[in-house]
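These are the residues of each chain, in order.
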Amino acid sequence: MNRSTPYLFIAPAALVMALALFYPIGYMMWGSFRDWDPTQNISETEFVGFANYVRLWGDAFFWESFSVTLIFAFTVVVVEMVIGVGLALLLDRNIRGMSVLRTLFILPMMIAPVVVGLVWRFMFHQTYGTFNRFLNWIGDTWWGNLLGIGPVDWLGQNPLLSVIFADIWQWTPFIFILSLAALQSLPRSALEAARIDGATGWQQVWFIKLPLMAPVLVVTMLLRLIDAFKVLEVILVMTGGGPGLSTEILALRIARTAREFRELGEAAAMSNYLLMLLMLLTLGMFAFNRWTEARSRKLKFAAEEEG
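## Focus on the pattern of salt bridges
Tallied over the full model, the rule gives 8 salt bridges. Between E80 and R224 there is a salt bridge, with the nearest N and O atoms lying 2.9 Å from each other. Here the residue E80 occupies a position in helix 3 (residues 60-90), and R224 occupies one in helix 11 (residues 201-229), the gap between them amounting to 144 residues. Taking the relative accessible area as the measure of exposure, R224 reaches 1% and is therefore buried. D167 is the partner of R224 in a salt bridge, and the nearest nitrogen-oxygen pair spans 2.8 Å. Separated by 57 residues along the polypeptide, R224 in helix 11 and D167 in helix 9 (residues 159-184) bring together distant segments of the chain. Members of the salt-bridge network, linked through shared partners, are E248, R253, R256, R259 and E260.

Here it is in structure tokens:
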């Protein structure tokens, strides 16, 4: 077989990848160096170098959106990892109806983000929402009245917390399903060796299960972190980025800069900042994943030696 044959087979896929991925990214990068508004073709725009990038460093609104994005992304990912992995550890056993439970758990992931935003917006409604109706019911009791429990303006007073709740509800099942799959693929020899050595349940979880699951958990966390930085529809439907800039994440700021403020060059520069951040996170996670894989191989080898 000719040595060039494999390259001929992958050439169509590489061409599609170049057209669908590299060309748009290159176009966005080139646009970030231009003074560009939607009425102009990019060839008609003025080249301004790094002016758009420098301007963003002094833009208080950009930094506000950036900080909201960091708070939102890291909060939802940490909480989802804790709940998802915890549920997987609790349900990693022979339970009747487990297939039904798994189906119920993944239902939130199957709902369109716009629908999720609408559902949670109505649930957080100040007058008719499910949560405030429940708080009103508690407030009508003598002890609820004593504690001063009453309705809360969720989307007005706690908007970021509200969208965090919605994201956790939708994406914790993703963590749960992958964590459960990782648990069920662990080598039973390592767990049996730990039981024979007298390890308690918590010791097995902390020193055996979690270290062996680490490569899967790191990849899962990376995928969720990248996705959390790009969330748009749920927040757009629930709060529209408000009140003020309290829930305006960077993806929403980019969309508003391009559509409302008509600054395509500045929006492209913001997109590149977000892209660089995600690339740094990806490289860091891959490096950590290689370290955890090496560590898990050592643990497996040690367990097999003891067995």
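## With respect to the packing of helix 3 against helix 11
Helix 11 packs onto helix 3 with a crossing angle of 145° between their chain directions and a minimal axis gap of 10 Å. Relative to helix 11, helix 3 is oriented so that their crossing is right-handed. Where helix 3 approaches helix 11, its residues T69, L70, F72, A73, F74, V76, V77, E80, M81, V85 and L89 are matched on the opposing element by V205, K209, L210, L217, M221, R224, L225, A228 and F229.

## Quick word on a nonpolar patch on the surface
Together, I95, V100, L101, L104, L107 and M110 make up a nonpolar patch on the protein surface, roughly 530 Å² of accessible area in all. Inspection of the secondary structure assignment puts I95 in the loop between helix 3 and helix 4 (98-110).

## Topic: helix 1 (residues 5-31)
End to end, helix 1 covers 37 Å across 27 residues, agreeing with the expected 39 Å (1.5 Å per residue, within 8%). The sharpest bend along helix 1 reaches about 40° and sits at A11, with the proline P12 one to four residues further on.

The rules we used
- Residues numbered from 1 in each chain as written.
- Predicted model: local features only at pLDDT ≥ 70, side-chain atom pairs only at ≥ 80, totals over all residues.
- Heavy atoms only, no water.
- Salt bridge = Lys/Arg side-chain N within 4 Å of Asp/Glu carboxyl O.
- Helix = DSSP H or I, 4+ residues; strand = E, 2+ residues; numbered from the N terminus.
- Buried < 20%, exposed > 50% of the residue type's maximum accessible area, 1.4 Å probe, protein only.
- Axes fitted to C-alpha atoms, helices over the stretch in contact; angles between N-to-C directions.
- Left-handed = near helix turned anticlockwise from the far one by under 90°.
- Contact = heavy atoms within 4.5 Å.
- Patch = residues over 30% accessible without salt bridge, like charges linked within 9 Å, V, L, I, M, F, W, Y side chains within 5 Å.
- Areas by Shrake-Rupley, 256 points an atom, 1.4 Å probe, with all protein chains shown as cover.
- Expected span 1.5 Å × (residues − 1).
- Bend = angle between axes of the 7 residues up to and from the residue.

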